[in-house]
Amino acid sequence: MKNKTLIIIVIITATAAVLSLGIYQKRTHQINASLLQIEQLMYERPDSAWKILQHMPSISQLRKEEQALHALLFTQAQYKNYIPVKSDSLLRIAEAYYRTSNDSLHKAWTLFYLAQYYRDSDEKEKALSYFQQANIASRNIENNQFKFLLNLHWANLLSDEDAENKGIEKYQTANKYAILLKDTLKQIDLFERWGWCYLLNGKYNQADSLFKEAMSLSMKTEIKFLEKNLLAQLATTAYLKKEYFLALNLINRSISLEKDSTELYPLWANKANIFLSMNQYDSVRTYLQKDIRNSTLYQKAGKQKIWYQYEEKMNNLPKALEYSKRYAELLDTIYQKELSSKIIELQHKYDYSLIQSENKLLKIKRQRLYISLIAICMAVLTVAVIFFYKRREEKRKLAEQMRSKDDLMKEMRLQLQEKTIDLHAAQEKIIEKETALDKELSQREKMRSEYSSKEAAMRKEILRHSEIIRKMEQLNKMSQQDKIQSRSVVLSDEEQDNLAEVINICYNNFTDRLWKKFPTLTKADISLCCLIKIGISNSNMLYLLDTNKVALKKRKNRLKHDKMGMDENDSLDEFIMEF
């Protein structure tokens, strides 16, 4: 009987294990297949690959191999869709796996994108080191597309680092792979970058030769905007070589190919510059007045510089001095803005690393709690099984003793009494263990409560450092008139994005869950929901969102009825607070 029971338990356990393994392998196969399909899609439709990656399971639910591939593809999709990569945390996951892997191709791609990240972060020494490592990793792979991109971007960085000769070597290597790929557009792009490398180093004849090669290739493609751009670059080269009539002819040809009036503005400015060098001042004024761009500080500074040079040539020194001052002020503004951007970026990196460290500590604590609970359950189960089999053994022995001879009855009774005493002792021990277990569970419950309190406190602390809290404090200190007139309290797009990220962290992926349930929501809708979630009043929302009562009410009704499908009697604010 005992052997049969054990056999049944073993069979059931083995069956459960096989089914679990089969389900896990099926899920793993599906995830692997999905990632491989995304990798194939990346080269033709990077936008679609990005959308699919955003809706995949959390990276923490994947195996190490899948985590590494997911992290690499996620970063690759960001670069291909021109989305700034703000952290190297995902690439570090991929690097840690592929460093010891035999997968040379994915290892090379990972090192390549790390080089790209550090180049964009202005850490050029690290970028050059990773380009070198990517080159070493790619020696045994046959992927001309990768080797072209590697040498092209490596050459660009070397050119920026005043390593002209090394940069030209990489451009030559990239050209070799572009020829093997038979990709005309890649060759045109390469010759343009290569030409600008020569141009910036004062080698105008070499630059002119490369631009002409690119022009020859562009004529085969019949893509007019390529021809237009190359004509403008050839005009720049001719201008720098002081061949002004040739430069004017080339810029006129470029203008004749441009259909979009907004794209003509930089060409007007270039033409004005050429006329300035030719001392044709009436034409300079005409084309400067045609260039009405004022959208960026760089464009404003460029125009002020040309006006300053023009007025100086016309001997209008007061006007020249005025434009010179404006030009200097714009240069100072550009410098301060770039400096502020770098400081803000460094602060974001520090905040992100701090949050990551706290999340890792919380994860470790949760794992320890789960391990403790599992150990307790296993101990209870073991005691129960032992007790069960011990009782069954007692009953079997008692039955055998009942069937024994009469002369052994007294001895059996004595043994039974001894066993009964032992049983009571065992029960007392079990009761003591159960009491201790209850106490331990109570302590665990207390720890869980304390963890919840700490989590709430952490959420409050994160929100306290958020930009929205600073603006609320600013609003509370301002008079009604100041609130109406001031725009400093209006949330910018970046601040609304930051608010969404903070709310997502503090309220259990609030924005992700909201977007998943209501996919038609816009970023503006998400920002409004975040303000409601943290209890911002309607009166303060008017100033934070720069709107009025009627517009805010319409916006809430549209969100409630059109996008969330709620009834008239339902409360949008209550739904958001409880979501």
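In every chain, residue numbers begin from 1 and rise along the written sequence. The predicted origin of the model limits local features to residues at a pLDDT of at least 70 and limits the giving and counting of side-chain atom pairs to 80 or more, whereas totals for whole chains, interfaces and linings rest on all residues. Excluded from the side-chain calculations are hydrogens and water; all other atoms, namely the structure's heavy atoms, are used.

## Overview of the pattern of salt bridges
Two side chains carrying opposite charge are able to pair once their charged atoms lie near each other. Filter applied, for reference: Any carboxyl oxygen of Asp or Glu that lies within 4 Å of a side-chain nitrogen of Lys or Arg is treated as forming a salt bridge with it. Helix and strand assignments follow DSSP, with helices taken as H or I runs no shorter than four residues and strands as E runs no shorter than two, numbered in order from the N terminus.
Scanning the entire structure with this criterion turns up 15 salt bridges. Linking Lys 563 and Asp 525 is a salt bridge whose minimum nitrogen-to-oxygen distance equals 2.5 Å. In this pair, Lys 563 is assigned in helix α24 (residues 549-563) and Asp 525 in helix α22 (residues 523-533), connecting sequence segments 38 residues apart. A single network of salt bridges, built from pairs that share partners, joins Asp 88, Arg 92, Glu 95 and Arg 99.

## As for the packing of aromatic side chains
Threshold: Note on aromatic pairs: the rings of Phe, Tyr and Trp (six-membered ring only in Trp) are paired at centre separations within 6.5 Å, and the planes decide the class, stacked below 30 degrees, edge-to-face beyond 60, tilted for the rest. Relative accessibility thresholds used throughout: buried, under 20% of the residue-type maximum; exposed, over 50%; partly exposed, between the two (1.4 Å probe, protein chains only). Criterion for a charge above a ring: Arg CZ or Lys NZ at most 6 Å from the ring centre, at most 35 degrees from the ring normal.
All told, the structure shown has 21 aromatic pairs when counted by the stated rule. Seen in terms of ring centroids, Trp 196 and Phe 211 are 6.2 Å apart; in terms of plane orientation they differ by 65 degrees. Their pairing is edge-to-face. With Trp 196 in helix α9 (residues 184-200) and Phe 211 in helix α10 (residues 204-221), the pair connects residues that are 15 residues apart, well separated along the chain. Accessibility expressed as a relative area gives 33% for Trp 196, which makes it partly exposed. When its relative accessible area of 0% is taken as the criterion, Phe 211 is described as buried. Residues Phe 388 and Tyr 389 carry aromatic rings whose centres are separated by 5.4 Å and whose planes lie at 75 degrees to one another, so their mutual orientation is edge-to-face. In this structure, Lys 170 is placed above the aromatic ring of Trp 154, and the distance from its NZ or CZ to the ring centre is 3.9 Å.

## Here's the deal with helix α12 (residues 244-257)
An α-helix turns once every 3.6 residues. As a result, residues three or four positions apart point the same way. Basically, it comes down to this: Expected helix span is given by 1.5 Å per residue-to-residue step, counting one fewer step than there are residues. The arc in question is the one spanned by the directions pointing from the helix axis to the C-beta atoms.
Taking 1.5 Å of rise per residue, the 14 residues of α12 would be expected to cover 20 Å, and the 20 Å separating its terminal C-alpha atoms lies within 8% of that figure. Among the residues of α12, those classed as buried are Ala 247, Leu 248, Leu 250, Ile 251, Ser 254 and Ile 255. Seen from one end, α12 has its buried residues packed into an arc of 165 degrees, which puts them on one side.

## Regarding the environment of Ser 488
Basically, it comes down to this: By definition, residues are in contact when any of their heavy atoms lie within 4.5 Å.
Mapped onto the elements of the fold, Ser 488 is located in the loop between α19 (480-485) and α20 (493-506). A sequence separation of 17 residues divides Ser 488 from Lys 471, and the C-alpha atoms of the two residues are 8.4 Å apart. Setting aside anything within four residues of it in sequence, one finds Ser 488 in contact with Lys 471 and Gln 474.

## Points about unusual backbone geometry
Excluding glycine, most residues fall at negative phi; most peptide bonds, likewise, are trans. Residue Asp 122 is not a glycine yet carries a positive backbone phi of 65 degrees. Summarising the element assignment, Asp 122 is placed in the loop between α5 (104-120) and α6 (124-137). Positioned with a positive phi, Asn 509 is a non-glycine residue whose angle comes to about 55 degrees. Mapped onto the elements of the fold, Asn 509 is located in the loop between α20 and α21 (510-517). You can call Asn 509 partly exposed: its relative accessible area is 41%.

## Here's the deal with the packing of α20 against α22
Just so we agree on the cut-off: With axes taken as lines fitted to C-alpha atoms, and helix axes fitted only over the stretch in contact, angles between N-to-C directions fall between 0 and 180 degrees. Oblique is the label for every angle not falling under 35 degrees (roughly parallel), over 145 degrees (roughly antiparallel), or within 65 to 115 degrees (roughly perpendicular). Take the far helix as your reference; a near helix turned counterclockwise from it by less than a right angle gives a left-handed crossing, and one turned clockwise gives a right-handed crossing. Residues are grouped as follows: Ala, Val, Leu, Ile, Met, Phe, Trp, Tyr, Cys and Pro are nonpolar; Asp, Glu, Lys and Arg are charged; every other residue, Gly included, is polar.
Remark: α20 packs on α22, axes separated minimally by 9 Å, with the N-to-C direction vectors making an angle of 55 degrees. By the angle class used here, α20 and α22 are oblique. The way α20 lies across α22 gives a crossing that is left-handed. Across the interface between the two elements, Gln 496, Asp 497, Leu 499, Ala 500 and Ile 503 of α20 pack against Lys 523, Ile 526, Ser 527, Cys 530, Leu 531 and Lys 533 of α22. Considering only residue class, the contact of α20 with α22 consists of six nonpolar, two polar and three charged.

## Some words on a positive patch on the surface
Inclusion rule: Patch definition: residues above 30% relative accessible area lacking any salt bridge, with like charges linked at up to 9 Å and the nonpolar side chains Val, Leu, Ile, Met, Phe, Trp and Tyr linked at up to 5 Å. Computed with the Shrake-Rupley method and a 1.4 Å probe, the accessible areas treat only the protein chains shown as cover for residues. Positive residues here are Lys and Arg, negative ones are Asp and Glu, while His and the chain termini are left out of the count. The location of each charge is read from NZ of Lys, CZ of Arg, CG of Asp or CD of Glu.
A cluster of basic side chains, namely Lys 390, Lys 397, Lys 419, Lys 429 and Lys 433, defines a positive patch on the protein surface. In terms of residue count, the dominant contributor to the positive patch is helix α17 (residues 409-464) (three residues). Checked against the element boundaries, Lys 390 lands in helix α16 (residues 317-402).

## Notes on the side chain of Lys 533
Inspection of the secondary structure puts Lys 533 in helix α22. As a buried residue without a salt bridge, Lys 533 has its nearest oppositely charged side chain in Glu 578, at a separation of 9.2 Å. Discounting residues that sit within four places of it in the chain, Lys 533 has contacts with Ile 503, Tyr 507, Phe 510, Ile 576, Met 577 and Phe 579.

## Quick look at a negative patch on the surface
Negative charge collects at one region of the surface, where Asp 493, Glu 494, Asp 497 and Glu 501 lie side by side. Note that Asp 493 resides in helix α20. You can call Asp 493 exposed: its relative accessible area is 62%.

## With respect to the state of the cysteines
To be explicit about the condition: Note that a disulfide, as used here, is simply two cysteine sulfur atoms within 2.5 Å.
Using the criterion set out here, one finds zero disulfides in the structure. Left unpaired, Cys 530 is separated from the closest cysteine sulfur, that of Cys 529, by 7.0 Å. Overall, Cys 530 belongs to the buried group, its relative accessible area being 0%.

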